[in-house]
Amino acid sequence: MKTNELERTLQYDETRWEEVPARLSSTLQLFITNKCNLRCKACFYADSLGKDDMPLEDYKEHVMHYKSQIQKVILLGGEPTLHKDIEQMVSFNRENGLRTTIYTNGAKIKRLESIDMTDVEVRVGVYGSHHSEKPLDKIDKVSFPITIVYMLRKDNVCELMETAEMADSYNCKRFFISSIRDIADTGSFWDDNEDTLPLDEYADVLQDFVLNYKGSIELNISKRGVLKGKKEPMPDKCRFGNIFPDKKMVICPFDISLKKYADELCFNERQCNKDSHCLLMKIVLKPKESSEFWKHVEIVSKEVRKWPEWKQRGVAQIPEKEETK
């Protein structure tokens, strides 16, 4: 376990942003296929890419085995949109009261428009705005909202702000910033190679971005062991579990490329073996105008429920927002 002396508090304009606690969910990550249509530099799953799919029956068996311990299922790969049964998988999660996140490179994102995406989060990983193997400008725009995940490395810092600005036109509800950690090459989360952005520089880049970003999309900032928020909790136990098409299992996502297999998964039991708290935590910043809007919607909805009373009083318009006392 490593105590990182580089950790610092992220500063932001509190007149523009409201920090809200990150939603902590016990999460089963199912790698439903080893197929992928891209070959990205420093991919943590590169050694496992191939042709194997997770059969639908195996998928259902995994979900049901851990259902009582989890709140969310993440579909990964490979590229999950290449799996022929992805629609049935999403429906199965919904039927069992579990939230779904699909993590995709976006190349086949149009396929998801045929699926009911009402309660599904789609995270699209990109490495830049125009110049990389996964640029945002090559992603098709879709009708459902997406989360854009910008994976920082040394060669794409210069496109971070431009990508965030482009996100407005992509029905993006969250802009998530994280970084590549090439553990398969370095053997450790904390070490760097020629491609990865050193963690102290990552903190500098994120601090500069947050102070200069003028947009109004919710920001999710991966802490990466060097950043902390002013309000969010600091869990010290692993809440993830990972299963692959060959049924092998890994607890911490950062142990996948090291192939540290487990006989059984556990959630919120195992102490983090890399730091004093979970390295997968994030800082969530919501634009204040958005927060105020939803507070107003809540006030209005309470009044709408009194509609029969309104009719008796002859009220014909939505009430103005109540002043906070």
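Residues numbered from 1 in each chain as written. Predicted model: local features only at pLDDT ≥ 70, side-chain atom pairs only at ≥ 80, totals over all residues. Heavy atoms only, no water.

Engineer: Quick question: what am I supposed to make of empty space enclosed by the protein here?
Structural biologist: Where empty space is left can be seen by rolling a probe of water-molecule size over the atoms. Scanning the model with the defined rule gives 1 cavity of 30 Å³ or more in all. Computed from the structure, the largest cavity encloses a volume of approximately 90 Å³. For the largest cavity, the full set of lining residues is K237, C238, C252, F254, R270, Q271, C272, N273, K274, C278, L279 and L280. (1 Å grid on protein atoms, 1.4 Å probe; cavity = no way out; pocket = protein on both sides within 12 Å on 5 of 7 lines; lining within 4 Å. Points joined across faces, edges and corners; volume = space filled by probe spheres on them.)

Engineer: Teacher, can you tell me more about the environment of D85 here?
Structural biologist: In this structure, D85 sits in the loop between β4 (72–76) and α2 (86–95). Using a relative accessible area of 10% as the deciding quantity, one classes D85 as buried. Among the polar contacts made by the side chain of D85, one reaches the side chain of K84 at a distance of 3.0 Å. (Helix = DSSP H or I, 4+ residues; strand = E, 2+ residues; numbered from the N terminus. Buried < 20%, exposed > 50% of the residue type's maximum accessible area, 1.4 Å probe, protein only. Polar contact = N/O pair within 3.5 Å; in protein donor to acceptor, adjacent residues only side chain to side chain.)

Engineer: Just to check I follow, could you spell out the packing of aromatic side chains for this structure?
Structural biologist: In this description, a pair of aromatic rings is defined by centroid distance and the angle of the planes. Per the counting criterion, the structure on display carries 8 aromatic pairs. Relative to F175, the ring of Y150 lies with its centre 6.4 Å away and its plane at 40°, an arrangement referred to as tilted. With Y150 in strand β7 (residues 146–152) and F175 in strand β8 (residues 172–179), this pair connects stretches of sequence that are 25 residues apart. Through successive ring pairs, a cluster of aromatic residues spans W17, Y150, F175, F209 and Y213. The ring of Y127 is capped by K134, whose NZ or CZ atom sits 4.6 Å from the centre of that ring. Cation over ring: K230 sits above Y12, and NZ or CZ is 4.3 Å from the ring centre. (Phe/Tyr/Trp six-rings, centres within 6.5 Å; stacked < 30°, edge-to-face > 60°. Lys NZ or Arg CZ within 6 Å of the ring centre and 35° of its normal.)

Engineer: I tried to follow the pairing of strand β6 (residues 120–126) on my own but got confused; where do I start?
Structural biologist: A regular strand places its side chains so that they alternate between the two faces of the sheet. Within β6, 7 of the 7 residues are buried, which leaves the element mostly enclosed by the surrounding structure. Here β6 shows no split at all, with V120, V122, V124 and V126 on one side and E121, R123 and G125 on the other all buried. Inspection of the sheet shows strand β5 (residues 99–104) paired to β6 by 5 bridges, in the parallel sense. Following the sheet pairing, T100 is matched in β6 by V120. Across 4 bridges, β6 lies against β7 in parallel orientation. If you follow V126 over to β7, its bridge partner there is Y150. (Pairing = 2+ DSSP bridges.)

Engineer: Explanation requested: helix α1 (residues 56–66) in the structure shown.
Structural biologist: Working note: α-helix, 3.6 residues per turn, so residues spaced by three or four point in the same direction. Of all the positions in α1, only L56, D58, Y59, H62, V63 and Y66 are classed as buried. Buried residues of α1 fall within an arc of 160° about the axis and therefore sit on the same side. If you follow the buried residues of α1, they end up packed against β3 (27–31), β4, α2, β11 (240–243) and β12 (249–250). (Arc of directions from axis to C-beta. Contact = heavy atoms within 4.5 Å.)

Engineer: So what exactly am I meant to see when it comes to the sheet that holds β5 here?
Structural biologist: For sheets, the rule is that strands pair by backbone hydrogen bonds, running either parallel or antiparallel. The 12 strands lie next to each other as β2-β14-β9-β8-β7-β6-β5-β4-β3-β11-β12-β13, forming an open sheet whose pairing is mixed. Two strands close off the open sheet at either side, each with one partner strand: β2 (17–20) and β13 (261–262). Contacting β3, β4, β11 and β12, α1 runs over the sheet at an angle of about 165° to β3. (Axes fitted to C-alpha atoms, helices over the stretch in contact; angles between N-to-C directions.)

Engineer: Help me understand the pattern of salt bridges, please; the structure alone is not making it clear to me.
Structural biologist: Side chains carrying opposite charge are able to pair once their charged atoms draw close together. In the structure shown here, the tally under the stated rule is 17 salt bridges. Among the salt bridges present, the one from K35 reaches D53, with a minimum N-O distance of 3.2 Å. Here K35 is found in the loop between β3 and α1, whereas its partner D53 is found in the loop between β3 and α1, with 18 residues between them in sequence. Taking relative accessible area as the criterion, K35 reaches 30% and is therefore assigned partly exposed. Ionic pairing is found between D255 and R270, a salt bridge with its closest N-O pair at 3.8 Å. Of the two residues, D255 is situated in the loop between β12 and β13 and R270 in the loop between β13 and β14 (282–287); the sequence distance between them amounts to 15 residues. Exposure remark for D255: the relative accessible area of 2% places this residue in the buried category. (Salt bridge = Lys/Arg side-chain N within 4 Å of Asp/Glu carboxyl O.)

The quantities given are spatial measurements derived from coordinates; they are silent on function.
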